[in-house]
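Structural features, examined
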Amino acid sequence: MATMDLRTEIREFLSSRRARITPEQAGLPAYGGNRRVKGLRREEVALLAGVSVDYYVRMERGSLAGASDGVLDALASALQLDEAERDHLFHLARQSRAPSGPRRRRSAVTVRSTLQQVLDAISDAPAWICNGRYDVLAMNQLARALFSPVLADPRRPANTARFVYLNSAAARDFFVDYDQVAGDAAAKLRMEAGRNPHDEELIALVGELSTCSELFRQRWASQDVRLHRSGRKRVHHPIVGRLDLDVESLELPGEPGLHLNVYTAPAGTPTADKLALLASWAATQQTLATEFEAHNG
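Residues numbered from 1 in each chain as written. Predicted model: local features only at pLDDT ≥ 70, side-chain atom pairs only at ≥ 80, totals over all residues. Heavy atoms only, no water.

**A closer look at the packing of aromatic side chains**
Aromatic ring pairs: the centre-centre distance and the angle between the two ring planes describe each pair. Formally: Any two of the Phe, Tyr and Trp rings considered here, Trp counted by its six-membered ring, make a pair once their centres fall within 6.5 Å; the pair's planes then place it as stacked at under 30 degrees, edge-to-face at over 60, or tilted in between. A run of DSSP states H or I qualifies as a helix once it reaches four residues; a run of E qualifies as a strand once it reaches two. Both are numbered from the N-terminal end. The cut-offs for exposure are 20% and 50% of the maximum accessible area for each residue type, with area from a 1.4 Å probe on protein chains only; residues under the lower value are buried, those over the upper are exposed, and the others partly exposed. Remark: a charge is flagged as sitting over a ring if the NZ atom of Lys or the CZ atom of Arg is within 6 Å of the ring centre and within 35 degrees of the ring normal.
Considering all chains together, one arrives at 8 aromatic pairs under this definition. Geometrically, the ring pair formed by Tyr165 and Phe216 is edge-to-face, given 5.1 Å between the ring centres and 80° between the ring planes. Here Tyr165 is found in helix H10 (residues 160-166), whereas its partner Phe216 is found in helix H14 (residues 214-221), with 51 residues between them in sequence. Side by side, Tyr165 and Phe216 carry an identical accessibility label, which is buried. Arranged with centres 4.9 Å apart and planes meeting at 70°, the rings of Phe174 and Phe175 form a pair that is edge-to-face. With respect to burial, Phe174 and Phe175 carry one shared label: buried. A connected cluster of aromatic rings, assembled from ring pairs, spans Trp128, Phe147, Phe163, Phe174, Phe175 and Tyr263. The aromatic ring of Trp220 is capped on one face by Arg190, whose charged end is 3.9 Å from the ring centroid.

Encoded structure:
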């Protein structure tokens, strides 16, 4: 499959968001004790959004091409969408308005050498660059040491979503909060699919994960979406043990679709000390590798 079915995506996203809101949560009277639908009825969403029932029904059936930004904003408010969900709705509408015909936008799979220089200049913190498919495109030495379990898969580019779902035993050992990491990975891939539905590599990745992982199928079917954001990542590294890391995920304005991820810890904390130990270990491994290559060159 070379593209997403936009109408299906729109229908399933809107119906799933409608199903999670009760009339009470929406500030509406719940007429009748035996409601046949989970969450809001279509006519209740239409009332909240200020559109006709027929118009909302057309939108939920997958027709967003004619919806104005004002209508989309009203719909987002009616369905109590968060920032990521609102962005996803607008992405789906934008794709619906696009001219028909083959359109293929590929996420970047390489980075400029100057970006690698930036990564290498960050010597005290693991740092790496990924695209919206979770392909790992460039890393500094400390990131290669930190994410050595992810890099054990010989496929390149390494892909953290593939690691999470297809090497789940190792991923559960590595990520302390595995369930959250798995949910975030599927939700961010769903967000990327709405933004770039004609990316063949993304569709292939989603197909591979859906075929091979029951957990991914469940998370993908939830229709949840998330933005790349700052946060906390807790891992158990095979060399230095438990690390509680602060993560900053920064968009690269000059490289649309790419994110720079930097992992730090406050000075004087056990994690900061372990990062320094990991950096020393990584430098030793690099030296040994260089000496080996020189000896056998």
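**Details of the packing of helix H5 (residues 69-78) against helix H6 (residues 83-97)**
Helix packing geometry: the angle between the two helix axes and the distance between the axes. Quick note on the threshold: For helices, the fitted line uses only the C-alpha atoms of the stretch in contact; every axis is such a line through C-alpha atoms, and the angle between N-to-C directions lies from 0 to 180 degrees. For any helix crossing, the convention is left-handed if the near helix is rotated counterclockwise from the far helix by under a right angle, and right-handed if that rotation is clockwise. Contact definition: two residues touch when any of their heavy atoms are within 4.5 Å. Any residue outside Ala, Val, Leu, Ile, Met, Phe, Trp, Tyr, Cys, Pro, Asp, Glu, Lys and Arg is labelled polar, Gly included; the first ten of those are nonpolar and the last four are charged.
The N-to-C vectors of H5 and H6 enclose an angle of 145°; their axes lie 10 Å apart at closest approach. As for the relative orientation of H5 and H6, their crossing is right-handed in sense. Here H5 contributes Asp69, Leu72, Asp73, Leu75 and Ala76 to the contact with H6, which in turn contributes Arg86, Leu89, Phe90, Ala93 and Arg97. The residue inventory of the contact of H5 with H6, partitioned by class, reads 6 nonpolar, no polar and 4 charged.

**Topic: unusual backbone geometry**
With omega at 0°, the peptide bond leading from Arg156 into Pro157 counts as cis. As for its position among the elements, Pro157 is in the loop between helix H9 (148-151) and H10. Even without a glycine there, the phi angle at Tyr134 is positive, about 75°. For Gln223, which is not a glycine, the phi torsion comes out positive at approximately 65°. Inspection of the secondary structure assignment puts Gln223 in the loop between H14 and strand E3 (231-237).

**Some remarks on the environment of Ala182**
Of note, Ala182 is situated in helix H12 (residues 178-195). Here the alpha-carbon distance between Ala182 and Ala171, two residues 11 residues apart in the chain, equals 9.4 Å. Setting aside residues up to four positions removed in sequence, Ala182 forms contacts with Val164, Tyr165, Leu215 and Arg219.

Honestly, that's just the spatial picture; any functional story needs more than this.
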